[in-house]
Amino acid sequence: MNIPLVDLKTQYLNIKDEIDAALARVLDRTAFISGPFAAEFEADFAAYIGRRHCLGVANGTDALAVALKALDLEPEDEVIVPALTFIATSEAVTMAGARVIFADVDPQTRCLDPEAVAGAITARTKVIMPVHLHGRPADMAALGALAAEHGLTLIEDAAQAQGAKVDGSRAGALGGLIGCYSFYPGKNLGAYGDAGGIVCDDDDIARKMRIIANHGAADKYGHVTEGVNSRMDGFQAAVLKVKLAHLDNWNQARRTAAAGYNDRLAGMPVETPADGPGHIYHVYAIETEGRDELLAHLRNNGVGAGIHYPDALPRLKAYERLGHRPGDFPAAETLAASMISLPIFPEITPEQQDHVAATIKEFFDAR
Ligand SMILES: *Cc1c(COP(=O)(O)O)cnc(C)c1O
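Keep in mind the model is a prediction, meaning the values are calculated, not measured.

Asker: Help me get a handle on the overall build of the chain, residues and values and all.
Answerer: Each helix and strand counted, the chain has 13 helices and 14 strands in total. The C-alpha atoms of the chain give a radius of gyration of 21 Å, which matches the 21 Å a tight globule of 367 residues would have. With respect to the principal axes defined by its C-alpha atoms, the chain has extents near 70 × 55 × 35 Å. Buried positions account for 55% of the 367 residues belonging to the chain. Once local pairs closer than 6 in sequence are excluded, the contacts in the chain between residues at least 24 apart make up 69%. Roughly 15,400 Å² of accessible area belongs to the chain as shown, and the carbon and sulfur atoms make up 50% of that amount.

Asker: Explain a nonpolar patch on the surface residue by residue, including any values.
Answerer: Residues Leu27, Phe32 and Ile33 make up a contiguous nonpolar surface patch of roughly 290 Å² in combined accessible area. Looking at the element boundaries, Phe32 is found in the loop between α2 (16–29) and α3 (35–49).

Asker: Go over empty space enclosed by the protein with me, naming the residues and quoting the values.
Answerer: By the definition in use, this model includes two cavities of 30 Å³ or more. Computed from the structure, the largest cavity encloses a volume of approximately 80 Å³. For the largest cavity, the lining is made up of 14 residues, of which Val6, Leu8, Gln11, Lys187 and Arg254 are closest to its centre. In this structure, the second largest cavity encloses a volume near 60 Å³. Every residue lining the second largest cavity is listed: Gln108, Thr109, Arg110, Leu133, His134, Arg136, Pro273, Ala274, His279, Val283 and Ala285.

Asker: Lay out the pattern of salt bridges with the relevant residues and their values.
Answerer: A side chain of one charge can pair with a side chain of the opposite charge if their charged atoms are brought near each other. Using the criterion set out here, one finds 18 salt bridges in the structure. Measuring nitrogen to oxygen at the nearest pair gives 2.9 Å for the salt bridge that ties Asp203 to Arg52. Note that Asp203 is positioned in helix α8 (residues 203–213) and Arg52 in the loop between α3 and β1 (53–57), a separation of 151 residues in sequence. Between Asp77 and Lys126 there is a salt bridge, with the nearest N and O atoms lying 2.9 Å from each other. Of the two residues, Asp77 sits in the loop between α4 (60–69) and β2 (78–82) while Lys126 sits in strand β4 (residues 125–128), which places them 49 residues apart along the sequence. Owing to a relative accessible area of 2%, Asp77 belongs among the buried residues under this scheme. Counted as one network, the salt bridges with shared partners bring together Glu40, Asp44 and Lys241.

Asker: Could you give me a rundown of the site of the ligand, with the residues and numbers involved?
Answerer: Inspection of the region around the ligand gives 15 residues, with Gly60, Thr61, Asp157, Ser182 and Lys187 positioned closest. Ser182 places a side-chain nitrogen or oxygen 2.6 Å from an oxygen atom of the ligand. About the coverage of the ligand: the protein hides 93% of its 380 Å² of free accessible area. Spatially, the ligand is embedded in the largest pocket. Of all the elements, α4 adds the most residues to the shell around the ligand, at three residues. Counted by class, the shell around the ligand contains six nonpolar, seven polar and two charged residues.

Calculation notes
Residues numbered from 1 in each chain as written. Predicted model: local features only at pLDDT ≥ 70, side-chain atom pairs only at ≥ 80, totals over all residues. Heavy atoms only, no water. Helix = DSSP H or I, 4+ residues; strand = E, 2+ residues; numbered from the N terminus. Rg over C-alpha atoms; globule rule 2.2 N^0.38 Å. Buried < 20%, exposed > 50% of the residue type's maximum accessible area, 1.4 Å probe, protein only. Contact = heavy atoms within 4.5 Å. Areas by Shrake-Rupley, 256 points an atom, 1.4 Å probe, with all protein chains shown as cover. Patch = residues over 30% accessible without salt bridge, like charges linked within 9 Å, V, L, I, M, F, W, Y side chains within 5 Å. Salt bridge = Lys/Arg side-chain N within 4 Å of Asp/Glu carboxyl O. 1 Å grid on protein atoms, 1.4 Å probe; cavity = no way out; pocket = protein on both sides within 12 Å on 5 of 7 lines; lining within 4 Å. Points joined across faces, edges and corners; volume = space filled by probe spheres on them. Near = heavy atom within 4 Å. Polar contact = N/O pair within 3.5 Å; in protein donor to acceptor, adjacent residues only side chain to side chain. Sits in = over half its atoms within 2 Å of the grid points. Nonpolar A, V, L, I, M, F, W, Y, C, P; charged D, E, K, R; others polar.

Below, the structure is given as structure tokens:
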């Protein structure tokens, strides 16, 4: 049995008629960049998240960078990001011309640890940018309180948490001034190419972000500033509009699959991910000793396991310049060394999950 980490093909086949018809409409109108299809998706997504505005952009990295650019940060201004996330989170800070400051994560939630953030705040701190890692909403109450106390802006990197809901509010609207999403194909809401989105309630910031993302143009050739070229294309918008209607069901299926793994792995020497309010399991990562051996065993038995992520970001060559030492971010480093992501997608079957669990059991039985 071969089980991929993510199965995009099965999902496409389940909604093929809807998708094919939507793509045909885009071809029929030749509305390829921004335009009516992007506008429709933006309206639907803003309503779904519960925000006044949504702006479709070219990818999730740009979503973060455009949001940060709208804040007019100075080169010495600091943005606090988690030490464990995809590099896009910190890259966007540099793209917006500000300084990356890493803070450790909480070993339980795997998201920004509010205490570590408190310790990282300086007179130059302007923004705290939590990531809802693996689909689990970060501790926004504590981070929001810190931001309010120090007069900082909160921006949510909700790239892994489309649709996650805490106390009636969706990720991207959990107290952040701005919420940012990636619609990379493997995300819970994924396009069929690169795409991203930004949500907010503030009219002025929304207008400013739209100008930045469209070459600094307030109208056709009225460039009021230099911006970037980051717009959603019509095909991606059409796919996303179709898929948005399924998102809540798919997220529920992921929660069911996560509970299914928890049951099957009970009693094995692995740590299953802590469930939390709104967790929608973009990734289902266990912690284990002998991580690399187990990973090899899984892959040798047809299980497409992965690692999210193999290094804490400050340990990467890309951030050598910051001069961090091993042990500076103990929780992020420990998680990076011990986590394995198991296959999870809405269509995963109980038989597939049985096979994954049996393969893990076989590994420990042989030790
Ligand atoms: C995927 C991802 C991004 C970037 O998204 P792209 O669309 O690939 O540019 C940003 N942050 C996090 C946490 C992500 O997982």
